[in-house]
Amino acid sequence: MRRLRACAFAILALAAFVRAHPAHAVDPAFTRFIASLRSDAERAGVSRATFEAATRGLEPDDKLPDLELPGRKPQLAPQAEFVQVPADYLNEGSIARLAAAGREVRQKHRATLDRIERDFGVPGAIVLAIWARETDYGRFKPTYNAIRTLATQAYVGRRKEQFRNEFVLALKMMQDGYGSPQMRSSWAGAIGLTQLIPSEFYKNAVDFDGDGRIDIFNSVPDALAITAKQLRSKGWQPGLRWAYEVRAPQGADCTLGVPEVSRPIGEWIGTGFVPADGARLTGSEQAQSASLLQPEGIYGPAFLTTKNYFVIKDYNFSDLYVLFVGHLADRIAGRGRFVTPWSATQQMRTADVETMQKYLARIGLYNDKIDGKAGMQTRAALGAFQKQARLKVDCWPNAESLRAMTAR
């Protein structure tokens, strides 16, 4: 009966929302596209009444980023992870504030966090850090309407097939009483306190507070438990650190900084990489496999990243995001600041990095996405080019390397 009442309430809320938000100028092609999704929705268990109430008068939001609109240059997604240098993204003032708040939140929800760690093996500090990064412990409220956003991305987004499924599952969330037509999201349709997409909700949903319903918008236990379960399902290994900050030896080869080059931490130490804080690692720690990460090339801090680093990266595919979450979790747990300061490195324009990627791909040094982002593969390929061109090998996009490529 509780589920039936929830469904009836959701349908009534949908109808009221549509009456309160009448359409102004419906795009006929968009309307046909939405109608084409009805059979998909029905197969997912969405009733005709819910589908029609949710989509009646629905309009695309052409102001969203990441859309492929005729006659308009695609607007890149406004993700700080890919446009800011580490010193800005990992701002110490922001980290310190969130860490202090996180310690207070940890005290408030200690029983929940302890149980999460017992059940899923994921430290409470990690899920707190994700919550902090995504919505500032719930203080930040996303501004987009989730249904409209997902429908638009499914219609003209760069990842149409993915968003088509997410749109249908968002309707199912409303059908099942887990969401509402007013639920807010990011520009990419991520919802809830820890910002997950509908498909991840259905893979990992858990009623962790035991109140008989799953609520990722208001229940901290439900939202954090789903996030921990999601990390565990992606391969989180209990008891394994996410990364170790290290000092790189003089003349270290920065082109080794790719996930494919993985060695026991003890081997890295044997070649001169030492823990930046001077700690002595145990035998089991030294036996763990790790990859080298130098986010600013040879400048700034260096890290030996474990498998758990890449689990967080599967949650959000950005090295800076993982560094933020991992380091904030360490700070919540009582560890100190980065030992090596971040450099004042300037970030090259996206268009210039794209030019470099295209050149590196043309000469066979790079086979990843042409996206204008200086990620691991781009930095390593750039370092290989710098070796060939007899330039300073720093694995960081700079004007000298760009000029050398243009001259060739």
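Here, every reference points to the structure presented above.
From a predicted model like this one, the values you see are computed outputs, not experimental measurements.

Student: It is not clear to me how unusual backbone geometry should be interpreted in this structure. Could you clarify?
Tutor: As a rule of thumb, non-glycine residues mostly have phi less than zero, and peptide bonds are mostly trans rather than cis. Look at D136: it is not a glycine, yet its phi comes out positive at around 55°. Note on placement: D136 falls in the loop between helix 8 (124–135) and strand 1 (144–145). One non-glycine residue, Y137, adopts positive backbone phi at about 55°.

Student: Would you explain the sheet that holds strand 3 (residues 243–247) in this entry?
Tutor: Neighbouring strands of a sheet are bound in pairs by backbone hydrogen bonds; such pairs are parallel or else antiparallel. Spatial strand order, 4-6-8-3-5: five strands in an open sheet with antiparallel pairing. The open sheet terminates on both sides in strands that have one partner only, identified here as strand 4 (262–264) and strand 5 (274–275).

Student: Looking at this structure, I do not really get the pattern of salt bridges. What am I missing?
Tutor: A side chain of one charge can pair with a side chain of the opposite charge when the charged atoms of the two come close. Scanning the model with the defined rule gives 21 salt bridges in all. A salt bridge links R43 to D40; the shortest N-O distance between them is 2.4 Å. Linking R43 with D40, this pair stays in helix 3 (residues 38–43), spanning three residues, or about one helical turn. According to the relative accessible area criterion, R43 is exposed, its value standing at 64%. E200 is paired through a salt bridge with K203; the nearest N and O atoms lie 4.0 Å apart. Here the residue E200 and the residue K203 both occupy positions in helix 11 (residues 198–204), the gap between them amounting to three residues, near one helical turn. A relative accessible area of 57% means that K203 is categorised as exposed. If you follow the salt bridges from partner to partner, you end up with E200, K203, K234 and D314 in one network.

Procedures and definitions
- Residues numbered from 1 in each chain as written.
- Predicted model: local features only at pLDDT ≥ 70, side-chain atom pairs only at ≥ 80, totals over all residues.
- Heavy atoms only, no water.
- Helix = DSSP H or I, 4+ residues; strand = E, 2+ residues; numbered from the N terminus.
- Pairing = 2+ DSSP bridges.
- Salt bridge = Lys/Arg side-chain N within 4 Å of Asp/Glu carboxyl O.
- Buried < 20%, exposed > 50% of the residue type's maximum accessible area, 1.4 Å probe, protein only.

Interpretation in functional terms is not warranted from these geometric data alone.
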